[in-house]
Amino acid sequence: MKLIQTIPELKALRARWRAAGERVALVPTMGNLHAGHLSLVEQVQTGADRTVVSIFVNPLQFAPGEDFDRYPRTLADDLAKLDPLAPDVVFAPSVDEIYPQGYPIATNVVVNGLAERFCGEFRAGHFVGAATVVTILLNLVQPEQAIFGEKDYQQLLVFRRMARDLHLPVEILSGPTVREANGLAMSSRNRYLSDEERASAAVLRQQLVATGRALRAGHRDFAALEQAARVQLRAAGFAPQYFNILSPELEPATSQHSDFVVLAAAVLGAARLIDNIRLDDPALAA
Ligand code: AMP
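Rules used throughout
Residues numbered from 1 in each chain as written. Predicted model: local features only at pLDDT ≥ 70, side-chain atom pairs only at ≥ 80, totals over all residues. Heavy atoms only, no water. Helix = DSSP H or I, 4+ residues; strand = E, 2+ residues; numbered from the N terminus. Rg over C-alpha atoms; globule rule 2.2 N^0.38 Å. Buried < 20%, exposed > 50% of the residue type's maximum accessible area, 1.4 Å probe, protein only. Contact = heavy atoms within 4.5 Å. Areas by Shrake-Rupley, 256 points an atom, 1.4 Å probe, with all protein chains shown as cover. Lys, Arg positive; Asp, Glu negative; His and termini not counted. Charge placed at Lys NZ, Arg CZ, Asp CG, Glu CD. Expected span 1.5 Å × (residues − 1). Near = heavy atom within 4 Å. Polar contact = N/O pair within 3.5 Å; in protein donor to acceptor, adjacent residues only side chain to side chain. Nonpolar A, V, L, I, M, F, W, Y, C, P; charged D, E, K, R; others polar. Core = buried A, V, L, I, M, F, W, Y, C linked by side-chain atoms within 4.5 Å. Pairing = 2+ DSSP bridges. Axes fitted to C-alpha atoms, helices over the stretch in contact; angles between N-to-C directions. Parallel < 35°, antiparallel > 145°, perpendicular 65-115°, else oblique. Left-handed = near helix turned anticlockwise from the far one by under 90°.

Undergrad: For this particular structure, what's the right way to read the overall build of the chain?
TA: In terms of helices and strands, the chain carries 10 helices and nine strands. Whereas a compact globule of 286 residues would reach a radius of gyration of roughly 19 Å, the chain reaches 19 Å, a difference of no more than 12%. Seen along its three principal axes, the alpha-carbon backbone of the chain occupies a region of about 55 × 40 × 40 Å. Residues classed as buried in the chain amount to 54% of the 286 residues present. Expressed as a percentage of contacts within the chain between residues at least 6 apart in sequence, the contacts between residues at least 24 apart total 72%. Just so you have it, the chain exposes about 12900 Å², and 51% of that area is on carbon and sulfur atoms. In the chain, which carries 28 positive and 32 negative side-chain charges, the distance between the mean positions of the two groups comes to 2 Å.

Undergrad: Just to check I follow, could you spell out helix α10 (residues 222-235) for this structure?
TA: An α-helix turns once per 3.6 residues; consequently, residues spaced three or four apart project the same way. A rise of 1.5 Å per residue sets the reference length of α10, with its 14 residues, at 20 Å; its end C-alpha atoms lie 20 Å apart and thus fit the reference within 8%. On its buried face, α10 is in contact with α9 (202-216) and β7 (239-246). Among the residues trailing α10, Gly-237 stands out with phi positive, at a value near 100°.

Undergrad: For this particular structure, what's the right way to read the site of the ligand?
TA: Around the ligand lies a shell of 16 residues, among which Met-30, Gly-149, Asp-152, Val-178 and Met-186 are the nearest. Measuring from an oxygen atom of the ligand, one finds a backbone N or O atom of Met-30 at 2.9 Å. His-37 places a side-chain nitrogen or oxygen 2.9 Å from an oxygen atom of the ligand. In the complex, 92% of the free accessible area of the ligand, which totals 490 Å², lies under the protein chains. Within the residue set of the shell around the ligand, elements represented by two or more residues are β2 (24-29), α2 (35-45) and β5 (145-149). The element best represented in the shell around the ligand is α2, accounting for three residues. Tallied by class, residues from the shell around the ligand come to eight nonpolar, six polar and two charged.

Undergrad: I would appreciate a short explanation of the nonpolar core in the present structure.
TA: Across soluble globular proteins, nonpolar side chains have a tendency to be buried as a group. Formed by 48 residues in total, the largest nonpolar core has its most connected members in Val-52, Phe-91, Leu-138, Phe-159, Met-162 and Leu-250. Every element with two or more residues in this core is listed here: α1 (7-19), β2, β4 (89-91), α6 (126-141), β5, α7 (153-165), β7 and β8 (261-268). In contact with Leu-138, not counting residues within four places along its chain, are Leu-26, Pro-143, Ala-146, Met-162, Leu-168 and Val-170. With 33 residues, the next largest nonpolar core counts Ala-201, Val-209, Phe-222 and Leu-273 among its residues.

Undergrad: What should I look at first to understand the sheet that holds strand β1 (residues 2-4) in this one?
TA: By definition, the strands of a sheet pair up through backbone hydrogen bonds, in either a parallel or an antiparallel sense. Spatial strand order, β1-β4-β3-β2-β5-β6: six strands in an open sheet with parallel pairing. The open sheet has two free edges, formed respectively by β1 and β6 (171-175), since each of these has just one partner strand. Averaged over all pairs of adjacent strands, the angle between their axes in this sheet comes to 25°, without regard to strand direction. Note: β1 against β4, three bridges, orientation parallel. Along β4, the bridge assignment pairs Leu-3 with Val-90. Contacts from helix α3 (residues 75-82) reach β1, β3 (50-55) and β4, with the element oriented near 160° to β3.

Undergrad: Help me out: how do you make sense of the packing of α9 against α10 in this one?
TA: Describing two packed helices takes the angle between their axes plus the distance from one axis to the other. Running from amino to carboxyl end, α9 crosses α10 at an angle of 160°, the nearest separation of the two axes being 10 Å. In terms of their interaxial angle, α9 and α10 are classed as roughly antiparallel. Considering the relative orientation of α9 and α10, their crossing is right-handed. On α10, the residues that touch Val-203, Leu-204, Gln-207, Thr-211, Ala-214 and Leu-215 of α9 are Phe-222, Leu-225, Ala-228, Ala-229, Gln-232 and Leu-233. Among the residues making up the contact of α9 with α10, the classes are represented as nine nonpolar, three polar and no charged.

Just geometry here; none of it tells us what the structure is for.
Below, the structure is given as structure tokens:
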């Protein structure tokens, strides 16, 4: 496992891999790694000759007033966690390396429509920043595959759309959400929760499961289901931002749809949590 922090060094190694005909997979992250990130690394390693994990806290994807300054930066711990998996490269560039002229930059990748709703409504500029930096990382690493977590379902769809629209020569893969024992989706931002809040945070998953079960049982009163979940979230101390039953493409659900995703974001204490559930989630079979 090699730590690379400069673009020339990355490009030189990439050129050697290309000459050898090796297939490369990229796992983009913002660091502060947990088991969810590690599962993505393990998943792509099975199909690629070379794996690059990028660690970059991208200032462009934080909305004004968000936690860019206090976002946990834990490179030494991250390297220790990755070590047993032995990805070929950990690419951890500085902000200056990625944005040598400073930021914001003149060129942005904007995914209209899809990126403007849900998280896009509450996080000004977030998806533009995320799509732009992922494009930069894809251009630098030039992977055949890149993998993203299904926890960030809207983000995954935004990147798939971007790759399709721009004919990016990369296959976008996804990995399932890894959870704490109480069901809370693992997230670097969970560290903003107190112990008490961490226990209450499980209610978000519980409401997604309850809604998923109701949909599987044939309930189609979407507004009532959403409203009931929001009430439970408020009772548990959350300030819900959205809790929506949608088609898998994130269009408003109708009774014509046979498959759904329930997408949610809610603030608990100092943490903004997001999660979602699909109807094939194993928890719904129980
Ligand atoms: P982040 O470092 O939070 O930007 O996340 C980097 C990648 O890890 C993204 O593709 C996320 O969707 C994914 N990810 C974050 N949390 C989880 C989780 N609990 N399980 C699986 N993947 C995750």
